[in-house]
Structures are given as structure tokens and as C-alpha cells.
Amino acid sequence: MPKVKCKLVAWEEVVNWAYQLSQKILESGWHPDIIVAIARGGFVPARLLCDFMDIHELLSIQIVHWGRAAEITTEAHVKYPYQLDLSGKKVLIVDDICDTGDSLIVAKKYVEENWKPGEVKLATLQWISPVAKITPDYYVDEVKDWTWYQYPWTRLEDTANFIEKIVDENKDKKEWTKSELVEKFKEDYGIDVGEPYYTLAFRLLEAYGRIKLQGDKIVVTGRKG
Ligand code: ADE
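Procedures and definitions
- Residues numbered from 1 in each chain as written.
- Predicted model: local features only at pLDDT ≥ 70, side-chain atom pairs only at ≥ 80, totals over all residues.
- Heavy atoms only, no water.
- Near = heavy atom within 4 Å.
- Polar contact = N/O pair within 3.5 Å; in protein donor to acceptor, adjacent residues only side chain to side chain.
- Areas by Shrake-Rupley, 256 points an atom, 1.4 Å probe, with all protein chains shown as cover.
- Nonpolar A, V, L, I, M, F, W, Y, C, P; charged D, E, K, R; others polar.
- Buried < 20%, exposed > 50% of the residue type's maximum accessible area, 1.4 Å probe, protein only.
- Helix = DSSP H or I, 4+ residues; strand = E, 2+ residues; numbered from the N terminus.
- Arc of directions from axis to C-beta.
- Contact = heavy atoms within 4.5 Å.

A. Representation of the site of the ligand within the structure. Around the ligand sit Ile97, Asp99, Ile128, Trp146, Thr147, Trp148, Tyr149 and Tyr151, and that is every residue in its neighbourhood. Contact distances for the ligand include 2.7 Å between a nitrogen atom and a side-chain N or O atom of Asp99. Within the backbone of Tyr149, a nitrogen or oxygen atom sits 2.9 Å from a nitrogen atom of the ligand. Coverage of the ligand by the protein amounts to 78% of the 260 Å² it exposes when considered alone. Its residues assigned to classes, the shell around the ligand comprises six nonpolar, one polar and one charged.

B. Just helix α6 (residues 197-207), in detail. Residues of α6 that are buried include every one of Tyr198, Ala201, Phe202 and Leu205, and no others. Projected down its long axis, α6 carries its buried residues within an arc of 100°, all on one side. Opposite the packed face of α6, turned more than 90 degrees from it, sit the exposed residues Arg203 and Ala207. Looking at the buried side of α6, the elements it contacts are α4 (155-169), α5 (178-189), β10 (211-214) and β11 (217-220). Gly209 sits one or two residues past α6 and shows a positive phi near 80°.

Take a look at the structure:
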């Protein structure tokens, strides 16, 4: 059994989910004038929704919080606050997933208080119902058993974070081979991201000073915390 429940998401699944989401919105009889993508996770779903719903107005708001892949994050806030006049417009805020719901809560509050919209609704591909503080107005899947969705747009970032976590959790092991780490990744996370992601993740961790690559050997040189 993997340590963390993960779902490896393919691009085609994302297109299909965005299509299903667009149909749910259209069938509800509500048609947004403008989409606001939450950066960065909402970009791809938002752009696909624009296509499926023939929406030509798309902008973005970046919400950041501290923490890393598959860990509870805290303190969501708007990274670059800016003022806009969206008087009377129906605004759809889009993100990839509603996990705790913090990003969506912060984005909705900010848009309502600063951009003068007519109406604001929320849409995501997944909604993790047992942990989410809110329910998006539109979603495709209700996820009842907490899962890390490994979306294609965070593949390298997640792979590097997960490998870093493996290295951190095995404090006494100062040297790994590449294949040992890849096998441990597959075992702990239950997914295989394939190449080039493992190689790129090792290079990224080397650039961050966490490991040193020596041929097929990986020497642990630094740890978080
Ligand atoms: N971002 C926040 N929660 C997530 C999850 N469960 N899967 C993928 N990305 C996320």
C-alpha cells in the first residue's frame, strides 16, 4: 500500500473533466461573462472552460500559501493585489481542486470586495468533500477519500517535492542510487511519473543544494528544517 494516496492525472482526463464542468455550468442556466483563473492551478482548466463555453474574457489572481505537495497548507493570501472594475459582470472563479477551500475562499472574498462584480461563482474539477470548508457551485468529482491529484502541470514540482520528502524521512541514509529513489517514490506514492521527470527532479534538487549527483549515485547534502 502506498503511503500517500495519489492519482496520476493524464492530459486527456483534464480535457474531459473541463468538458463535463462546462456542461454542468451551461445546464444550470448561468452563463459567466468572465473567468478568473486562480494561479497557478486554475490556468489550464480555466482556459479549457473558455474554449468549451465560448468565453473570451479571462484574467487571473494568484493565491499563495506556504507548504509543499501533499501537506496541509496555511495562510492563503493574494500575492499581487490589484484593483479592477467588473461592474455587473458574472464572474466564474476557477481552480483545479477544492481541497481545504482556502484559495477559493480568499479569491472570492477579494474579488467581491475589490472588483465590484455582479455575481461570483466557483468551479473546480475536484472537490475533496470531507476536508473542504466550502462547496464550489460547480465541480466534476466529489472525492470522499483524500487524494493527491498529480495534475500534469505540477508533475516536476510534485516529483521533486516527493523525492525530497523521501530523503528527509530516511535521515540515516546518506547515499542512494537513482533507481533506489525511483523505486521508493513508486512505492510511497503509488504512481510512476516516468522520464524525463525523475531526471529533472534530481537536477532541481541538486540546484537547491539538497543532493549531489555523482554518476548513478545520489549523495544527500542538505535537508529542510
Ligand atoms: N492542491 C491542494 N490540494 C491538492 C490535492 N489534493 N491534489 C492536488 N493538488 C492540490
